[in-house]
Amino acid sequence: MKTEVITFANNKGGSGKTTTCSNVAYCLADKGKKVLMIDGDMQMNLSLSFLGEDEVLSLAQSDNNLYTAILSEKDMSDTIIRTPYENLDLVPSSMLMSGIEEELFKKGGREDVFEKVISEVRESGEYDYIVIDTPPTIGLWDRNVLHVTDHVVIPVEASPWGLFGLASMVSFIKEAEKKNPALGILGIVLTRVNVRKNYFRQTEEFLSDMKEIYVFDTVIRNDSMVEWAQDNSKPVTAYRRNARSAEEYRKLTDEILTRL
Ligand SMILES: Nc1ncnc2c1ncn2[C@@H]1O[C@H](COP(=O)(O)OP(=O)(O)OP(=O)(O)O)[C@@H](O)[C@H]1O
Ligand SMILES: [Mg+2]
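Residues numbered from 1 in each chain as written. Chains lettered and ligands numbered in written order. Predicted model: local features only at pLDDT ≥ 70, side-chain atom pairs only at ≥ 80, totals over all residues.

With respect to the nonpolar core
Soluble globular proteins tend to bury their nonpolar side chains together.
At step 1: By size, the foremost hydrophobic cluster in this structure holds 74 residues, and its most contacted members are Val24, Ala25, Val35 and Val131.
At step 2: Ranked by residues supplied to this core, first place goes to helix α1 (residues 17-30) with 7 residues. (Core = buried A, V, L, I, M, F, W, Y, C linked by C-beta atoms within 7 Å. Buried ≥ 20, exposed ≤ 12 C-beta atoms within 10 Å, placed from the backbone. Helix = DSSP H or I, 4+ residues; strand = E, 2+ residues; numbered from the N terminus.)

So, in structure tokens, the structure goes:
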């Protein structure tokens, strides 16, 4: 089976990218799929979702992380580490990813640097899925990521500003589709939802008017257990299987699988 690359992206910060990415990745692995996560953000939140702070910092400062692989344009196999969970591996990030735009410009503004780094692992077929967490930006690094992506999931926060910038994100992805015809938007998922608040319905209505983009039936509601889990370096689906949000992330994963 071909390795499918799923990227979680939205240039709006705090929209739930990392939380959704970490939980979907865990749920896929829990279903017996072989999954590689790539932490593409200098905030290293995806790495922190699975590993303690000390370990994340030491990986960030080592010679083996996403940043060092991109800089040297070498195959990233050496940077892959095991998480405490079966079937679930991780390429950790580094705070130096804050300078990735400049480094890519120094390389002539190329959009295929990441492709060189990821291709051996992707072509090997060792993983069923590669899931990528991205920063809240739209730049050269994000174009590099979209270049190797098959499916984008866009988490949108159900808040008054949650939709701000969504149109530019969508046109950025459409632009990338010209270079990578395999790329497509799998859907928008509403996150951090408070069903009692009016703007949740407003957001839902606005999104249902965007006919060309699928909106996942599953919505992820606000759940304080998500933060407790993160505080314990675990996705909530691993930390508290019977939490409401854990159930929702499992449903979302099933919906993602049926749409692939
Ligand atoms: N379902 C949820 N219930 C409660 N809190 C949540 C939920 N999802 C995300 N959060 C919280 O919202 C904040 C933002 O979520 P997250 O880090 O996943 O967003 P992000 O899009 O990755 O942010 P950034 O753009 O900074 O990378 C975090 O503090 C997280 O704990
Ligand atoms: Mg994040």
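What follows picks up the thread again.
So, the sheet that holds strand β2 (residues 35-39)
At step 1: Here 7 strands make up an open sheet; going across it, the order is β3-β4-β2-β5-β1-β6-β7 and the pairing mixed. Here the strands that pair on one side only, and so sit at the sheet edges, are β3 (81-82) and β7 (184-191).
At step 2: Strand direction decides the pairing type here: strand β6 (residues 151-157) and β7, joined by 7 bridges, are parallel. Its bridge partner being in β7, Glu157 is matched across the sheet by Thr191. (Pairing = 2+ DSSP bridges.)

With respect to the pairing of strand β4 (residues 88-91)
At step 1: With burial as the criterion, each face of β4 is covered, one bearing Leu88 and Leu90 and the other bearing Asp89 and Val91.
At step 2: Of the strand pairs in this sheet, β2 and β4 are connected by 4 bridges, and their pairing is parallel. Paired with Val35 across the two strands is Leu88, which belongs to β4.
At step 3: In this structure, β3 lies alongside β4, joined through 2 bridges in antiparallel fashion. Looking across to β4, one finds that Arg82 is bridged to Asp89.

Some points on the site of ligand 1
At step 1: Around ligand 1 lies a shell of 20 residues, among which Gly13, Lys17, Thr18, Thr19 and Pro136 are the nearest.
At step 2: Those elements giving two or more residues to the shell around ligand 1 turn out to be α1 and α10 (224-231).
At step 3: Of the residues belonging to the shell around ligand 1, the class tally is 3 nonpolar, 12 polar and 5 charged. (Near = placed C-beta within 6 Å. Nonpolar A, V, L, I, M, F, W, Y, C, P; charged D, E, K, R; others polar.)

Remarks on the packing of helix α6 (residues 113-124) against helix α7 (residues 140-147)
At step 1: At a minimum axis separation of 8 Å, α6 and α7 run at an interaxial angle of 40 degrees. When the axis of α6 is compared with that of α7, the two are oblique. For α6 against α7, the interelement crossing comes out right-handed. Contact residues: Val113, Phe114 and Glu115 in α6; Asn144, Val145 and His147 in α7. (Axes fitted to C-alpha atoms, helices over the stretch in contact; angles between N-to-C directions. Parallel < 35°, antiparallel > 145°, perpendicular 65-115°, else oblique. Left-handed = near helix turned anticlockwise from the far one by under 90°. Contact = placed C-beta atoms within 7 Å.)

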